[in-house]
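Spelled out from the first residue to the last, the chains are:
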Amino acid sequence: MSRSKNDVLQGTLTLLILQALSRGALHGYGITLFVERASGDVLRVEEGSLYPALHRMEEDGLVKAEWGMTEFNRRARFYSITAAGSQRLADELESWKRLTSGVGKVIRFA
Amino acid sequence: MIRRLLETLFPRRDNAAIDDELEFHIAMRAREFESGGLTPAEAQREARKKFGGQSTLREQTREAHVYRTVETLLREARYSFRALAKRPALWVAGTLTLALGIGANLAIFAIVDALLLRPLPIPEPDRFFVIAERRNGAHTGGNVPRMRAYAQADSLESIGGFFSERVAVIAGDGSRGLKTLRTSGDVLSAFGYKLAAGRNFTEAERNGDGNAVLLGHFYWQREFAAATDVIGKTLQTQNGALQIVGILPPEASLIEDHDIWLPSLASVQNGPATAGYLQVITRLKPGINPARANAQLGAAAGQFPEIAARLTPLNDVVASEAQTPLLLLVSVVVTLLLVACANLAGLLIARNSERARELSIRLSIGAGRWDLLRLLFMEALWIAAVGGGLGVLAGKWVLDVILAYRPADLLLASTIQLDWRAFIVAFLLTCFSALFAGLLPAWQAARSRQRTGRLRNTLVAGQIAVSMILVSTAILLVNTLLTARQRPFGFVRDHVVAIEFDMPWSTDGDKVKRFYDSVEAAARELPGVRAAGIVDRLPLQGGAQGYTYTRIRGVTLDDAIARRVVGLRAISNGYFSTLRIPLLRGRLAEPPHREIVINETFAKRYFGAADPIGASISFSRPTAEPKWYVVVGVVGDVARSAMDPAFPAETFVHHSLTYWPQGTLVIHGEGDPETLLRAALARVYQVDPYVLTKFSGTLDAKLESSWSEPNLLTSLVAATALLAMLLVSLGVYGVAASAVRSRTREFGVRAALGATPRMLASLSLSQGLRLATIGGVIGLAGAFAVPPLISAIIPGRSSFQAAELASSIAAMIALALLASIGPARRAARVDPAITLRHD
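Residues numbered from 1 in each chain as written. Chains lettered and ligands numbered in written order. Predicted model: local features only at pLDDT ≥ 70, side-chain atom pairs only at ≥ 80, totals over all residues. Heavy atoms only, no water.

Draft legend 1. Broad picture of the pairing of strand E4 (residues 63-69) of chain A. Residue and element names in this part refer to chain A. Bridging between E4 and strand E5 (residues 75-81) involves seven bridges; their strand directions are antiparallel. Counterpart to Trp-67 in the pairing with E5 is Arg-77. Where E4 folds back onto E5 in an antiparallel hairpin, the turn is made up of five residues, including Asn-73, whose phi is positive at roughly 65°. (Pairing = 2+ DSSP bridges. Helix = DSSP H or I, 4+ residues; strand = E, 2+ residues; numbered from the N terminus.)

Okay, structure coming up:
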């Protein structure tokens, strides 16, 4: 596989996961698919960081997990967003917007 | 909820679950690659490669849990410790409350464990049994001829019998009594002890020949400084020189400590097969079913009329005495712990509601409900842990106090201790307390932070209910004890001294009679003495000797009445005048003749309205030729035991017509009893310098010991009830105080609208009153479970008296009012102006 896809920036993973889950419960593989497709294959999520991040977020109460069946009738762990997670998503989006607008200003200024 | 909580507190995310999750992801990736044109095998490999080392990933995923959790727990533990450290009142009240509850439970557990639960401190206790013998259904001691018959059973490996007495050892200028185990058969092997040194008794020695003696471990350590060369040395006793042949191991002193073991004299061992002085024990052969041994024993017992024999575990023997009082104590201390936990829960609820603002900030900045729960629970855990630690110390102290006042004849007493089993119990109790006292308030605070008042009120009402049961039990016991002490006993005890002799059971009968006559005569000559007499056993000291078959010449008695137990006291005539027991009819017996004196109860039972004087009665066995006594007099009834209000039917014969070497000299004299006692003892030692005395002192002091067991039990229950009341008053105070705090504004408005301070105070008082009434009524219902327990300990008490219940309720209500007075005064002083500014 080519390395042309950008690995997700450190620190934005939480934001992306929460955003992915804000539309409904997904399993880990579904999250990677969502991020890849929604970004037009620009971004991809490294499996090596996805699962530790998911479990950490579960500990923090941002997401909750449940075993369920996929459309292919396989057992998978589905993650969904909690109230605290939604709150966090709003905060992260806010700061992301500030960051990007800041960066945008700098770029335009240059 | 519990599962989730446990998972949060003790993370145990197993690898399999994480693997499952990752496996799914790999499978999906592989499917993706496969649709991209790879073969299934290549797709698998490629998908796995993308994951890198699966085990590394698994570890990272896992660590996300463990590190987070451990780190969080440590941080929260530190945080809650610091938060608690700023609340010394909560610390002190919480930990001390729990320490008391846990300590009391530990002490009682140690006793229950040693007496009822733990295996006996003897080798292979499963094979060790007491042979319990019954005559016509009533307990009876054994004797050597019967023991030898049981020994024929081939399922027994060894059998032995023993009784305790004291043997006087002559040392220097006087004699000292050694607590002696008089053995028949092979007691050492039946217990299964291995001697620390020397040899067991030989067959001939066991039967009473020779002069061999075994030393008890502690006696050997004390008197011989644990010297190893004592074997072969001699011990001088009043019966001659004894040769030391062996030293017993320390465990032989655990069930009951004896200074020396000495075979019974042949003359005692060869006594009649109807006597009952021996405790018979046995060890079964390995692998023998006790049922088989029981069948053989039953057959062997069959050759003796009216006798039945049965194997009984020693624990059961101890339990038959101790079980009911211990059950009562266990219920009492568990109740105390519940009250203590409820109190701690109340304290924590109050604490949490004061932190409502902090908690809501935590919630709003993203803390989960479970985080809050954990944080709040952590405080309870700290308090429980420290309380449990202090509880062990408290338990040690309580146990020491109880043991100091224990009944003197308690078996296994030296094995009562706080050991690792007690520590496990302490740990469990601590966990229980933390869960009970911590979870409820934490759960509630994390959940809603509403209605804390209702939960607290429920807790306090529950406390009152439970304490009410304790208090009513204590009042019942105290009342019973006081009533028992004030009822008529049938004799007068003031200005009487008693000297209880302890002559060996092998003492010659004529010698005993001469000794009694001499000391009685000597006592009468002392200045100021009004009367002196001999009795085999004092009143209130339980049953003495007795008969189980009564005949009246010329009258056919109903068999059931004939077989009722009749007490026998061996006396000299001076006994009646010394204790001022009235002669109601006839005269006292004149010794050489076979004359007998009966008491009122006996006269009523066997003669009814007829005149018993001149009748002939006999107590010989039904199969034997009757030996008649002539009734010459009737005396007043005397109580037999301290707590049993019933008067037993009793008969009195002169001591020279029977044999009882452990009699008591009683003397009624004017002046200082101590002076009289010293003079009397001097005369006694003139008669026999080596005689041993079990007791010498005032009759009052002697009889006081009859109450030691009910006294101990009553004091323990009463002390627990007082503690519970203290805790309840703290609980009520807490509720009332926080209610006044939270209703300050309301009170202010009321005051502004014209409510008088008195009205405000009564508003506050009425809450305590309501709780006490609700709790009291619930407690009243619970109290009805108590009397059956009590009646098993105290004969004749089967229900509460109305006054006892009424005073318990009154006590709880008074307590609740008292505890609410402080807060009520604060409510009364609420100033409407300040209230308007109150936050």
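On we go from here.
Draft legend 2. Structural detail: the packing of aromatic side chains. Tallied over the entire structure, the rule returns 15 aromatic pairs over all chains. Measuring from centroid to centroid gives 5.9 Å for Tyr219(B) and Phe224(B), while their planes differ by 80°, and the two rings are edge-to-face. With a relative accessible area of 3%, Tyr219(B) lands in the buried category. One aromatic cluster in this structure is built from Phe128(B), Phe162(B), Phe191(B), Tyr193(B) and Trp261(B). Taking NZ or CZ as reference, Arg75(A) lies 4.1 Å from the ring centre of Trp67(A), over its face. The aromatic ring of Tyr629(B) is capped on one face by Arg594(B), whose charged end is 4.1 Å from the ring centroid. (Phe/Tyr/Trp six-rings, centres within 6.5 Å; stacked < 30°, edge-to-face > 60°. Buried < 20%, exposed > 50% of the residue type's maximum accessible area, 1.4 Å probe, protein only. Lys NZ or Arg CZ within 6 Å of the ring centre and 35° of its normal.)

Draft legend 3. Just the pattern of salt bridges, in detail. Residue and element names in this part refer to chain B. One pass over the full model with this rule turns up 35 salt bridges over all chains. One salt bridge connects Glu-256 with Lys-179, and the closest N-O pair in it is separated by 3.3 Å. Taken together, the residues Glu-256 in the loop between strand E8 (240-247) and strand E9 (260-263) and Lys-179 in strand E4 (residues 174-185) connect sequence positions 77 residues apart. Given the relative accessible area of 32%, Lys-179 is considered partly exposed. The salt bridge involving Asp-186 is made with Arg-206; its shortest N-O contact spans 3.5 Å. (Salt bridge = Lys/Arg side-chain N within 4 Å of Asp/Glu carboxyl O.)

Draft legend 4. Geometry of the sheet that holds strand E2 (residues 26-27) of chain A. Residues and elements named next belong to chain A. Read across the open sheet, the three strands follow the order E2-E5-E4; overall the sheet is antiparallel. At either margin of the open sheet sits one strand with a lone partner, and together these are E2 and E4. Where E2 and E5 come together, two bridges link them in antiparallel fashion. Opposite Leu-26, over in E5, you have Tyr-79 as the bridge partner.

Draft legend 5. Layout of empty space enclosed by the protein. Using the criterion set out here, one finds three cavities of 30 Å³ or more in the structure. As a volume, the largest cavity reaches approximately 40 Å³. Classifying every residue of the lining of the largest cavity gives six nonpolar, three polar and one charged. (1 Å grid on protein atoms, 1.4 Å probe; cavity = no way out; pocket = protein on both sides within 12 Å on 5 of 7 lines; lining within 4 Å. Points joined across faces, edges and corners; volume = space filled by probe spheres on them. Nonpolar A, V, L, I, M, F, W, Y, C, P; charged D, E, K, R; others polar.)

Draft legend 6. Structural context of the side chain of Ser616(B). Residue and element names in this part refer to chain B. Summarising the element assignment, Ser-616 is placed in strand E19 (residues 616-618). A residue is classified by how much of its surface remains accessible, and Ser-616, at 11% relative accessible area, is buried. Contacts of Ser-616, omitting those with residues within four sequence positions, involve Arg-551, Ile-552, Arg-553, Trp-628, Tyr-629 and Val-630. (Contact = heavy atoms within 4.5 Å.)

Draft legend 7. Highlighting helix H20 (residues 600-607) of chain B. Burial in H20(B) covers these residues: Thr601(B), Phe602(B), Ala603(B), Tyr606(B) and Phe607(B). At the exit of H20(B) stands Gly608(B), carrying a positive phi of roughly 60°.

Draft legend 8. Here's a closer look at unusual backbone geometry. All names here are of chain B. You will see that Glu-124, though not glycine, has its phi angle at about 40°, which is positive. Following the sequence through the fold, Glu-124 ends up in the loop between helix H5 (88-117) and strand E1 (128-135). For His-495, which is not glycine, the phi dihedral falls at a positive 55°. Tracing the backbone through its elements, the reader meets His-495 in the loop between helix H16 (452-486) and strand E12 (496-501). On the accessibility criterion, His-495 (39% relative accessible area) is partly exposed.

Draft legend 9. Fine view of the environment of Ala53(A). Residues and elements named next belong to chain A. With respect to the helices, strands and loops of the structure, Ala-53 is situated in helix H3 (residues 47-59). When the C-alpha positions of Ala-53 and Ile-17 are compared, they lie 9.0 Å apart, and in sequence the two are 36 residues distant. Beyond its immediate chain neighbours, meaning those up to four positions away, Ala-53 contacts Leu-13 and Ile-17.

Draft legend 10. Local environment of the environment of Asn457(B). All names here are of chain B. Among the secondary structure elements, Asn-457 is positioned in helix H16. Placed 301 residues apart in sequence, Asn-457 and Arg-758 show a C-alpha to C-alpha distance of 23 Å. Not counting residues up to four positions away in its chain, the partners in contact with Asn-457 are Val-735, Gln-767 and Leu-771.

Draft legend 11. View of the domain arrangement of chain B. All names here are of chain B. Taken domain by domain, chain B comprises domain 1 (2-80), domain 2 (137-305), domain 3 (322-485 + 708-837) and domain 4 (503-691). Taking the mean C-alpha position of each, domain 2 and domain 4 sit 32 Å from one another. Facing the 11 residues of domain 2 at the interface are six residues of domain 4. A combined buried area of about 760 Å² lies between domain 2 and domain 4, and 62% of that area is made up of carbon and sulfur atoms. Counting across the interface, domain 2 meets domain 4 through zero salt bridges. Connecting domain 2 to domain 4 are zero residue pairs in polar contact (both at pLDDT 80 or more). Among the elements of the structure, strand E3 (156-171) and E4 are those that each provide at least two residues to the side of domain 2 that touches domain 4. Looking at the side of domain 2 that touches domain 4 residue by residue, the class counts come to five nonpolar, three polar and three charged. (Domains from an automatic or database assignment. Buried area = accessible area lost by both parts, 1.4 Å probe. Polar contact = N/O pair within 3.5 Å; in protein donor to acceptor, adjacent residues only side chain to side chain.)

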